[in-house]
Amino acid sequence: MTISPHDIARVLSEALPHMQHYDEETVVVKYGGHAMGEEDMARSFARDIVLMEQTAINPVVVHGGGPQIGEMLKRLGIKSEFAGGLRITDAETIEIVEMVLAGSINKQLVGFINAAGGKAVGLTGKDGNLVLAKKLNRTVVDADSHIERVVDLGFVGEPEKVQGGTYNVNADTFAGAIAGALKAKRLLLLTDVPGVLDKSKKLIKQLSPDDARALIADGTISDGMIPKVETCIYALEAGVEGVVILDGKVPHAVLLELLTDHGVGTLMMR
């Protein structure tokens, strides 16, 4: 498809009100899911982040790496289980988690952003005690008996201002803590699904925190979507204006959400 110079100019002109809305504002983008494993998509994402910075938006990228961690654990013959959407992380697993997240993924993403003209710096929660965490347990409900039980997740943590050892902090939770601390204008959670889905698997375009809590309680929101939605609620309560859960596999999803009238995903606001 050929786009004329006039069409390009029109699109840029129509983006002006959106650029003004986010002018000099902080936008936290959580990047994760299977799209991270595809180099072309990762480079496209990096280019979009640089474009955001060029339009006077201050982007902060928080990345996950669940599929990559899972693949490395499989290669090493280490079994991994989940509870309530979070990986149970023992002492052997935490070494692999740190290697994959702080090593290969972080530096690859930094390299892609810098190659696109940005000046990215890659940090972990350990660097300068950027984020201090405490141990996290998860309560799950048995599907048959409906009895609650507390699962020890091992070296899994949640952000808190206390110092400890190394914890595997869910990337969504981490992004929410960063967005709240920075009082970000927006928090975008890029994932592998279009957003929050109802029981008939249709996209819910907008949710309030109370609506979200009710959907968790009745089982509509389950598994890995639970920590995402809990992060949304936390971020809103911490002062973030709005949070969007959207499909990171959609080309230029971040730009579609921020710089056009075509909102994508599920929006949560106070």
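Please refer to the structure higher up on the page.
Here the structure is a predicted model, which means the values were calculated and not measured.

A.B. asks: How would you summarise the environment of V27 if you had to cite specific residues and measurements?
C.D. replies: Its location among the elements puts V27 in strand β1 (residues 26-31). The spacing of V27 and L258 is 231 residues in sequence and 9.4 Å in space, taken between C-alpha atoms. Non-local contacts of V27, meaning those with residues more than four positions away in its chain, are made with Y22, M52, I57, N58, P59, V60, R186, L188 and L258.

A.B. asks: Could you give an account of helix α3 (residues 39-54), naming the residues involved and the relevant values?
C.D. replies: In this model, α3 (16 residues) spans 23 Å end to end at C-alpha, consistent with the 22 Å of a helix rising 1.5 Å per residue. Along α3, the residues that are buried comprise A42, F45, A46, D48, I49, V50 and M52. Against β1, β2 (58-63), α5 (91-115), β8 (186-191) and α9 (253-259) lie the buried residues of α3. Following α3 by one or two positions, A56 has its phi on the positive side, about 75 degrees.

A.B. asks: Which residues make up the packing of helix α6 (residues 171-182) against helix α8 (residues 225-237), and what values do they have?
C.D. replies: Their axes nearest at 8 Å, the elements α6 and α8 cross at an angle of 5 degrees. Considering their axes alone, α6 and α8 lie roughly parallel with respect to each other. Counting all contacts with α6, which are made through D172, T173, G176 and A177, the residues of α8 involved are P227, K228, T231, Y234 and A235. A class-by-class count of the residues in the contact of α6 with α8 yields four nonpolar, three polar and two charged.

A.B. asks: Describe the layout of surface pockets, naming the residues involved and giving the relevant values.
C.D. replies: Estimated volume of the second largest pocket: approximately 690 Å³. Lining of the second largest pocket is provided by 23 residues; of these, V11, L12, L51, L255 and T260 occupy positions nearest its centre. Secondary structure elements with two or more residues in the lining of the second largest pocket: α1 (5-14), α2 (16-21), α3 and α9. Residues of the lining of the second largest pocket, tallied by class, amount to 12 nonpolar, five polar and six charged.

A.B. asks: Could you give an account of the pattern of salt bridges, naming the residues involved and the relevant values?
C.D. replies: Applying the stated criterion to the full structure yields 11 salt bridges. One salt bridge in this structure joins E39 and R43, with 2.9 Å as the shortest N-O distance. Of this pair, E39 and R43 are both found in helix α3, four residues apart, which corresponds to roughly one turn of the helix. For R43, a relative accessible area of 38% translates into the label partly exposed. Measuring nitrogen to oxygen at the nearest pair gives 3.2 Å for the salt bridge that ties R186 to E241.

The rules behind these values
- Residues numbered from 1 in each chain as written.
- Predicted model: local features only at pLDDT ≥ 70, side-chain atom pairs only at ≥ 80, totals over all residues.
- Heavy atoms only, no water.
- Helix = DSSP H or I, 4+ residues; strand = E, 2+ residues; numbered from the N terminus.
- Contact = heavy atoms within 4.5 Å.
- Expected span 1.5 Å × (residues − 1).
- Buried < 20%, exposed > 50% of the residue type's maximum accessible area, 1.4 Å probe, protein only.
- Axes fitted to C-alpha atoms, helices over the stretch in contact; angles between N-to-C directions.
- Parallel < 35°, antiparallel > 145°, perpendicular 65-115°, else oblique.
- Nonpolar A, V, L, I, M, F, W, Y, C, P; charged D, E, K, R; others polar.
- 1 Å grid on protein atoms, 1.4 Å probe; cavity = no way out; pocket = protein on both sides within 12 Å on 5 of 7 lines; lining within 4 Å.
- Points joined across faces, edges and corners; volume = space filled by probe spheres on them.
- Salt bridge = Lys/Arg side-chain N within 4 Å of Asp/Glu carboxyl O.

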